[in-house]
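# Reading the structure
Residues per chain, in single letters:
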Amino acid sequence: MNHNNSNMVTKILLLGFQNLQSFKIYFFLLLLIIFCITICGNLLIILVVAYSRSLHSPMYFFLTQLSFLDILLTTTIVPNMLHNVLYEGSFVSFIGCLIQYYFFAGSEALECLLLSVMSYDRYQAICNPLHYTSVMDLTFCIKAVLMCWVMMFAVLLTLSVAMSHLDFCGPNIIDHFFCDLDPIVELSCSNTFFMKIEDIILAIPFVLCPFTVIIVSYVYIIVTILNISSVTGRQKTFSTCSSHLAVVSLYYGSLLSIYLFPNMNNAKKILSLLYTVVTPLLNPIIYSLSNRDIKQAFTKLKSKMSNAFFK
């Protein structure tokens, strides 16, 4: 379809959360506090792991990558959401909307891949401990992370090419608090059938396959743990993967629940809040509270910084 430039969408109205009324300021302050805690918490995880030599292992290397992704996701979504809540809706340029979606899609795809790599790391540590250091060496970890990033950029390239073949001539209103794929595609006046098929196809390597790797890894992990005769041994072994399992459950639980409410905007907004705002907040909390090594490294770092400051 050919359209005049005057008919093409140049600005998008994000409706966000309507009818907040007297709760608007409280919701804004809550989001602002969550945003600040999320950024500080994830930066602290990166700093503590970088500082402590005892944390220079594959598990914590992947954890720093996860923290970086949480910072990327939060800074992509929350600042514009704060403006949206304060003014009960906000205009963004169409290009800006696409850029926000690309960053969001890239970070989500990368997080799915990274969580599967982390589950494989836990599988090797628990089910194959004698060969763990030889399998999960620095070279493998760097290659795994680089491969995840390359695949993420492949997703963005594919989506960019597909979007470039669509015409957007109105309407220009999205009933959401950020630019997601389905709301953007609904604005197109082109045939979006192939775009939707492509979205389903991309979900296989970037959502379904990583989720399958996670499930298979934890099946082997649980079987191995159950074969440990000592109750103390089972508890100690399970504690090494409990944080990752909690993060995976929270992330995939909220992400997959979106598909259970395909036509309920309010439900989709609430569930979207879970994996775009709440999960990046809880990830560093879950890992720091349940991990003795991180707590000890943080205590040492805090002591060293205090001594340096007051010296």
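On a predicted model such as this, the values are computed, not experimentally measured, just so you know.

Our next topic: the overall build of the chain. Within the chain, the secondary structure is distributed over 10 helices and three strands. Counting from the amino terminus, helix and strand elements in the chain follow one another as β-α-α-β-α-α-α-β-α-α-α-α-α. By the compact-globule yardstick of 19 Å for 311 residues, the chain fits well, its C-alpha radius of gyration being 22 Å. With the principal axes as the frame, the chain shows a C-alpha extent of 70 × 50 × 30 Å. Residues counted as buried form 46% of the 311 residues belonging to the chain. Put simply, of all contacts in the chain between residues at least 6 apart along the chain, 80% involve residues at least 24 apart. Total accessible area computed for the chain in this model is approximately 16500 Å², and 68% of it derives from carbon and sulfur atoms. With 16 positive and 14 negative side-chain charges, the chain shows a separation of 18 Å between the mean positions of the two kinds.

Okay, the state of the cysteines next. One pass over the full model with this rule turns up two disulfides. Two residues share a disulfide in this structure: Cys 97 and Cys 179, whose sulfurs sit 1.9 Å from each other. Here Cys 97 and Cys 179 share a disulfide; its torsion about the S-S bond, -120°, makes the bridge left-handed. Of this pair, Cys 97 sits in helix H3 (residues 94–127) while Cys 179 is found in the loop between strand S3 (173–174) and helix H6 (181–186), placing the two residues 82 residues apart along the sequence. There is a disulfide in this structure between Cys 169 and Cys 189, and the S-S distance comes to 2.1 Å. Taken together, the positions of Cys 169 in the loop between helix H5 (138–164) and S3 and Cys 189 in the loop between H6 and helix H7 (193–226) put the pair 20 residues apart, joining distant regions of the chain.

Once that is clear, we can look at the sheet that holds strand S1 (residues 11–14). Taking strand neighbours across the sheet as the criterion, the three strands line up as S2-S1-S3 in an open arrangement whose pairing is mixed. In this open sheet, the two edge strands, each paired with only one partner strand, are strand S2 (90–93) and S3. Where S1 meets S2, four bridges bridge the pair, whose relative direction is antiparallel. In the sheet register, Leu 14 faces S2, and the bridge partner there is Ser 90. The strands touched by helix H2 (residues 58–87) within the sheet are S1 and S2, with S2 carrying the most contacts at an inclination of about 140°. Running at roughly 85° to S2, H3 makes contact with S1, S2 and S3 of the sheet.

Quantified by volume, the second largest pocket comes out at close to 550 Å³. What lines the second largest pocket is a set of 22 residues, among which Met 59, Tyr 60, Thr 240, Asn 291 and Asp 293 lie closest to the centre. The element that contributes the greatest number of residues to the lining of the second largest pocket is helix H8 (residues 231–257), accounting for six residues. For the lining of the second largest pocket, the class distribution of residues is nine nonpolar, eight polar and five charged.

The next subject is the UniProt feature "transmembrane region" (unreviewed entry) in the chain. As recorded in UniProt, the sites labelled "transmembrane region" (unreviewed entry) are residues 25–52, 59–79, 91–117, 138–162, 200–226, 238–261 and 273–290. Between the first and last C-alpha atoms of residues 25–52 the distance is 40 Å; the span itself is 96% helix and 0% strand.

Two strands pair when backbone bridges link them, and S1 and S3 are joined in this way by two bridges, in the parallel orientation. Residue pairing for S3: Leu 14 is matched across the bridge by Ile 174.

Here we take up the packing of aromatic side chains. Evaluated as defined, the whole model comprises 16 aromatic pairs. Consider the rings of Phe 17 and Phe 177, whose centres lie 5.3 Å apart with planes at 15°: the pair is stacked. On the criterion of sequence distance, the pair formed by Phe 17 in the loop between S1 and helix H1 (24–51) and Phe 177 in the loop between S3 and H6 is long-range, its members being 160 residues apart. Accessibility expressed as a relative area gives 13% for Phe 17, which makes it buried. For Phe 177, a relative accessible area of 0% gives the class buried. Considering the side-chain rings of Tyr 120 and Phe 140, the 5.9 Å spacing of their centres and the 45° angle between planes classify their relative orientation as tilted. In this pair, Tyr 120 is assigned in helix H3 and Phe 140 in helix H5, connecting sequence segments 20 residues apart. Aromatic ring contacts, followed pair by pair, group Phe 17, Phe 27, Phe 104, Phe 177, Phe 178 and Tyr 275 into a single cluster.

Parameters and conventions
- Residues numbered from 1 in each chain as written.
- Predicted model: local features only at pLDDT ≥ 70, side-chain atom pairs only at ≥ 80, totals over all residues.
- Heavy atoms only, no water.
- Helix = DSSP H or I, 4+ residues; strand = E, 2+ residues; numbered from the N terminus.
- Rg over C-alpha atoms; globule rule 2.2 N^0.38 Å.
- Buried < 20%, exposed > 50% of the residue type's maximum accessible area, 1.4 Å probe, protein only.
- Contact = heavy atoms within 4.5 Å.
- Areas by Shrake-Rupley, 256 points an atom, 1.4 Å probe, with all protein chains shown as cover.
- Lys, Arg positive; Asp, Glu negative; His and termini not counted.
- Charge placed at Lys NZ, Arg CZ, Asp CG, Glu CD.
- Disulfide = S-S within 2.5 Å.
- Pairing = 2+ DSSP bridges.
- Axes fitted to C-alpha atoms, helices over the stretch in contact; angles between N-to-C directions.
- 1 Å grid on protein atoms, 1.4 Å probe; cavity = no way out; pocket = protein on both sides within 12 Å on 5 of 7 lines; lining within 4 Å.
- Points joined across faces, edges and corners; volume = space filled by probe spheres on them.
- Nonpolar A, V, L, I, M, F, W, Y, C, P; charged D, E, K, R; others polar.
- UniProt positions renumbered as here; feature names shortened; annotations may be inferred.
- Phe/Tyr/Trp six-rings, centres within 6.5 Å; stacked < 30°, edge-to-face > 60°.

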